[in-house]
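Summary of the model geometry
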Amino acid sequence: MIIAIDGPAGSGKSTIAKMVAQILGFRYLDTGAMYRAVAVRARDLEVSYDDSEALCELAERDAIEFGFNENESLPSRIFIAGKEVTDEIRCAQIDKAVSPVSAHQAVREALVAQQRELGRRDDYVVEGRDIGTVVFPDAEVKVFLTAGAEERARRRAAQNREREIDFDYDRILADIIRRDDYDTNRLHSPLMAAEDAHLIDSTIMTIDHVTNTIVDLARAVDGLE
């Protein structure tokens, strides 16, 4: 079974997807981390984020791998071309780079092929921008998770404060609005809800409430206990 969770930046997709995977005993596939890994690799090799051909070659050539501890749903490490980039993919510089990198259709096609192959091997919870519309259009459960921009900025600022990185609310809000516009209006695989997705606005919902809502949707599918 595939549970696809899409939504804009800061909507809580990663946190919710991880919790759902742990409750159901599924594996968690962070597709966003794959694009971030490509962005890190491009930065290290001084490849322009505007160079579609070079980025595609990089995405096709350099394998991305996740490290899982035994009997755990969440990957603990991520590698590209054999180099660990677990911490680097979450820095502020890569936060800004991931949208232009993921906007290249050739890069998306190179990584989607890997994601689909993984999805054929096991039960996965997958989150991103176009999981239910492009990557896994036949996913058994599709969710589009969103929240108001101000609430998403508040959450991100609180998260960043805990990580001791930039937690300026106004700057984070401006970046979220910028990313929303970029992701929604990009030419290839724009951010949008699948026609058959369950829409969840988490603005005034707790994490547990959102998580349990998605778990209930999955458990309602025939054959899942």
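Before reading on, note that the structure itself is shown above.
This report concerns the structure included in the present document. In this numbering scheme, every chain counts its residues from 1 along its sequence in written order. With pLDDT at 70 or above as the cut-off, local features in this predicted model cover only qualifying residues; side-chain atom pairs require 80 or more to be listed or tallied, and sums for whole chains, interfaces and linings still use all residues. As a rule here, side-chain values come from all non-hydrogen atoms in the structure, and water together with hydrogens is ignored.

Summing up its helical and strand segments, the chain has nine helices and eight strands in all. In this setup the radius of gyration rests on C-alpha atoms only. A globule is expected at 2.2 Å times the number of residues raised to 0.38. Against the compact-globule benchmark of 17 Å for 225 residues, the chain has a radius of gyration of 17 Å, which places it among compact chains. Referenced to the eigenvectors of the C-alpha coordinate spread, the extents of the chain come out at roughly 50 × 40 × 35 Å. Within the chain, buried positions represent 48% of all 225 residues. His is not counted, nor are the chain ends; Lys and Arg add positive charge and Asp and Glu add negative charge. Note on charges: their place is set at NZ of Lys, CZ of Arg, CG of Asp or CD of Glu. Between the mean site of the 28 positive side-chain charges and the mean site of the 43 negative ones, the chain shows a separation of 3 Å. Under the DSSP-based scheme used, a helix requires at least four consecutive residues in state H or I and a strand at least two consecutive residues in state E, with every element numbered from the N terminus. Per-residue accessibility, obtained with a 1.4 Å probe over protein chains only, is compared with the maximum for each type, and a residue is labelled buried under 20%, exposed over 50%, and partly exposed between these values.

For the rest of this paragraph, the subject is the pattern of salt bridges. Any Lys or Arg side-chain nitrogen located within 4 Å of an Asp or Glu carboxyl oxygen qualifies as a salt bridge. One pass over the full model with this rule turns up 19 salt bridges. Among the ionic pairs, Arg-36 bridges to Asp-95, the shortest N-O distance being 2.7 Å. Taken together, the residues Arg-36 in helix α2 (residues 31–44) and Asp-95 in helix α4 (residues 92–102) connect sequence positions 59 residues apart. Accessibility assignment for this pair places Arg-36 and Asp-95 in one class, buried.

The criterion for strand pairing is that DSSP finds at least two bridges linking the strands in question. Within the open sheet, the five strands sit side by side as β2-β6-β1-β7-β8. Their pairing is parallel. At either margin of the open sheet sits one strand with a lone partner, and together these are β2 (27–30) and β8 (198–201). Between one strand and the next, the sheet's axes are offset by a mean angle of 20 degrees, whatever the strand orientation. Note on contacts: a residue pair qualifies if any of its non-hydrogen atoms lie within 4.5 Å across the two residues. Convention adopted: a line fitted to C-alpha atoms gives each axis, helices being fitted over their contacting stretch, and angles between N-to-C directions are expressed from 0 to 180 degrees. Its contacts with the sheet put α2 on β2 and β6 (124–128), and the angle it makes with β2 is roughly 40 degrees. Where helix α9 (residues 207–219) meets the sheet, its contacts fall on β1 (2–6), β7 (141–146) and β8, and the angle it forms with β7 comes to roughly 165 degrees.

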